[in-house]
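What follows is the residue order along each chain.
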4 protein chains.
Amino acid sequence: MSSTDGGRPRRKRADAQRNVDALIEAAKAVFTTTGVDAPAKEITDRAGVGIGTLYRHFPLRSDLVTAVLQHEIDACAEAGPVLQAEFEPTEALMRWVARFTEFVATKRGLAAALHSGDPAFDGLPGYFNDRLEPVVASLLGAAAGTGTLRKDVAARDLLHAVALLCQPVPGEGPAYNQRMVAVFVDGLRRRS
Amino acid sequence: MSSTDGGRPRRKRADAQRNVDALIEAAKAVFTTTGVDAPAKEITDRAGVGIGTLYRHFPLRSDLVTAVLQHEIDACAEAGPVLQAEFEPTEALMRWVARFTEFVATKRGLAAALHSGDPAFDGLPGYFNDRLEPVVASLLGAAAGTGTLRKDVAARDLLHAVALLCQPVPGEGPAYNQRMVAVFVDGLRRRS
Amino acid sequence: MSSTDGGRPRRKRADAQRNVDALIEAAKAVFTTTGVDAPAKEITDRAGVGIGTLYRHFPLRSDLVTAVLQHEIDACAEAGPVLQAEFEPTEALMRWVARFTEFVATKRGLAAALHSGDPAFDGLPGYFNDRLEPVVASLLGAAAGTGTLRKDVAARDLLHAVALLCQPVPGEGPAYNQRMVAVFVDGLRRRS
Amino acid sequence: MSSTDGGRPRRKRADAQRNVDALIEAAKAVFTTTGVDAPAKEITDRAGVGIGTLYRHFPLRSDLVTAVLQHEIDACAEAGPVLQAEFEPTEALMRWVARFTEFVATKRGLAAALHSGDPAFDGLPGYFNDRLEPVVASLLGAAAGTGTLRKDVAARDLLHAVALLCQPVPGEGPAYNQRMVAVFVDGLRRRS
DNA sequence: GATGAATGAGTTTTCATTCAT
DNA sequence: CATGAATGAAAACTCATTCAT
């Protein structure tokens, strides 16, 4: 969290950080491939570290899951404003949707873990909402035209609907998700 | 023996069928509760049969998964026409969506299994499409008004989009899914 | 044992016997293929009967093993005199060795079962000796020439030595066993 | 890491090696006692390690079987020259036969596994031949006298014949096998 | 701090045996 | 008598987690 962390920077910190990063990167990939229940060994092998190292940095599996998700959520949230600044509204939305689709694909099975009742995940939905709600609201608002979003659909509703529509579909690619989100946006414009 | 199977189809088969049914029922419930990776014992205990019985009828876990999904798909498909006959288009759609939402909730994690690459599931997506595509097309078509569905969205696209929008969302219930599908349907009407 | 079996021949007896024969035949084949520990199902499937039928006729696995072995021992024993009557000594011996080799191949792993300590098999070694000892003694004696068998090698020793030399050898066929038995017979002739 | 393996070969390896040795030792004993299909637990208990350790070092049962057999083959092969140096030909042969008999007894049922068609064992017969063929040839040659071995019996034939004659026989001990091998050697001498 | 060997509980899977039809 | 479904004990195997080096 705090990047400054106060006092002495305690040598060797670089190596440790390198391992942590490698583990998160590896976990992201393995979660996508094999699912959240992937053997820990598969992750450490891919990260090139020993199993003990995983447990040092992430004593609980939920710690690793949380780290991966926050990492991903941050990346997605940050992409929103950047795209909006660079492209016109519709194009920005479409590109962000593509980006978000990749993120959701990562979650393959993470949702189940999230709602498993494990209190370790209690904070994540909030983090997800807080970070992404404004981003989606802004993107959709701009794309819908002059702020004519239906009043009966809250920004958080949008976030989740888009999250669903971004989920990967067997025979389809990101283009499919983009089209469906576009239809959904059309729906938002309609009516008073 | 008898290929025509004329007279009695080999008595006692009734018991076996009872067990098969109980297992599918139990598996459906356990899959929802614990996920597709639930211990086999949990399923057999709930079905009130021995573990061996599970393996007799479903030697591979994928056999059981397949059976449960086909069962569910069938039930959903059959509900479509019934609702359409009984209610006016919008109401029928909403009720079916609610029904479909339950089905999708059952799949909690089944999707991951489906796309696991196991060839045992190769046939299921086809089954899913074949059974449900016409149902969804019909329901949405009726709800959209006088056949004014966008021409650039195929019936199968609809099916999958609805499937996504029916996925359970953490803090929300079926009503949420219904509202989002409604928005989506509005999007379909636009640009007649 | 007793083929007459006294009183009424009890109808349907033919079917039962057919099943018993089929089971012994199937068991012989499966024991050779898969070993004595082959699943019972494999035997009944090959025999074309239900599993229950196996247990009716052979309540214990040792019953089946015993039946198969006696069957085989009988066949081998009976072949001896026949061959001796039909061929000259050396030729008769070689043909019988070939025959015996097949029998031994059947036993793939039966020996282990035999010496497993199960009292059910207590009678078999005796049966084996009683039936085959005279046959081997006669064949070897004739082949060795004018009764010049070494006095320090008993007939039973011969039986077992031949039994060993008839065991199948990976890259070799029955011809190999015949050659080795021939060498052994030569050894018998030598010395006073 | 270090391909030359110069300095310390990664400490702690000692413990692992100790476990591997204990497992091979235990497996040898258990295979003799209970057969190759003995429960893994029986082996690990005797070795004093956990079941997981067995699977770490020998993921497949065939790996363990192979290790045990190579171990045994090596020991037998090494005994040959030693005995030949210490005793006169006939005595050396007899002692080696006794040694070999013990080895074969160990295999109780291993042979069946070997010929099970499992490709994991493909290399073993070759190993067996390569290691033992010269040993047997040398021992028999010396025992047969001045190189008067029949020309129509190859060294490998001898190896297998002796292997068969060394197999344990129900009511007999190693002395029996020695006598029969002696007869066989006599047969070799004949027809110089 | 890092490593990976060891552990053993938890699951899957097989099969002999029983027994209702 | 024959059948094959049901059972469940026993064995195999996996993998999270600990801990000595």
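Draft legend 1. Just the relation of the copies chain D and chain C, in detail. Overlay of chain D on chain C (RMSD 0.3 Å): rotation 179°, translation along the axis 0.2 Å. Such a turn and shift between the copies fits a two-fold axis. Proximity to the rotation axis, assessed at the C-alpha, singles out G187(D) in chain D; its C-alpha lies 1.9 Å from the axis. The share of interface residues of chain D whose copies in chain C are also at the interface is 100%, consistent with both copies meeting through the same surface.

Draft legend 2. Region of the structure containing the protein's contact with DNA strand E. Around DNA strand E there are 32 residues in total, and N19(D), G50(D), T53(D), R56(D) and H57(D) lie nearest to it. Considering the 4 Å shell around the protein, atoms of DNA strand E inside it are sugar or phosphate in 67% of instances. At a separation of 2.7 Å, a phosphate oxygen of DNA strand E approaches a polar side-chain atom of T53(A). Taking N19(D), its side chain carries an N or O atom lying 2.2 Å from a phosphate oxygen of DNA strand E. Of all the secondary structure elements, the ones that give two or more residues to the surface near DNA strand E are α1 (13-34) and α3 (51-57) of chain A, α3 (51-57) of chain B, α3 (51-57) of chain C together with α1 (13-34) and α3 (51-57) of chain D. Take the surface near DNA strand E: its biggest share by element is five residues, from α3(A). Looking at side-chain class alone, the surface near DNA strand E contains 15 nonpolar, ten polar and seven charged residues.

Draft legend 3. Quick peek at the interface of chain D and chain C. Between chain D and chain C, the residue contacts involve 28 residues of the former and 28 residues of the latter. In this assembly, chain D packs against chain C so that about 2500 Å² is buried in total across both faces, 62% of it on carbon and sulfur atoms. Across the contact surface, chain D and chain C share two salt bridges. Residue R179(C) is joined to D157(D) by a salt bridge in which the shortest nitrogen-to-oxygen separation is 3.0 Å. For the pair chain D and chain C, the interface holds eight residue pairs in polar contact (both at pLDDT 80 or more). Secondary structure elements with two or more residues in the side of chain D that touches chain C: α8 (155-165) and α9 (174-189) of chain D. Residues that form the side of chain D that touches chain C fall into these classes: twelve nonpolar, five polar and eleven charged.

Draft legend 4. A look at the relation of the copies chain A and chain B. Once chain A has been moved 0.1 Å along the axis and rotated by 179°, it coincides with chain B to within an RMSD of 0.2 Å. A shared binding surface is used by both copies, with 100% of the interface residues of chain A retained as interface residues in chain B.

Draft legend 5. Main features of the interface of chain A and chain B. Across the contact, 27 residues belong to chain A and 27 residues belong to chain B. In this assembly, chain A packs against chain B so that about 2500 Å² is buried in total across both faces, 62% of it on carbon and sulfur atoms. Taken together, the connections running from chain A to chain B amount to two salt bridges. At the boundary of chain A with chain B, the tally comes to eight residue pairs in polar contact (both at pLDDT 80 or more). Of all the elements in the fold, those that place two or more residues in the side of chain A that touches chain B are α8 (155-165) and α9 (174-189) of chain A. Here the side of chain A that touches chain B takes nine residues from α9(A), the largest share from any one element. Residues belonging to the side of chain A that touches chain B are distributed by class as follows: twelve nonpolar, four polar and eleven charged.

Reading guide: rules and limits
- Residues numbered from 1 in each chain as written.
- Chains lettered and ligands numbered in written order.
- Predicted model: local features only at pLDDT ≥ 70, side-chain atom pairs only at ≥ 80, totals over all residues.
- Heavy atoms only, no water.
- Least-squares fit on C-alpha atoms with pLDDT ≥ 70 in both.
- Contact = heavy atoms within 4.5 Å.
- Near = heavy atom within 4 Å.
- Polar contact = N/O pair within 3.5 Å; in protein donor to acceptor, adjacent residues only side chain to side chain.
- Helix = DSSP H or I, 4+ residues; strand = E, 2+ residues; numbered from the N terminus.
- Nonpolar A, V, L, I, M, F, W, Y, C, P; charged D, E, K, R; others polar.
- Buried area = accessible area lost by both parts, 1.4 Å probe.
- Salt bridge = Lys/Arg side-chain N within 4 Å of Asp/Glu carboxyl O.

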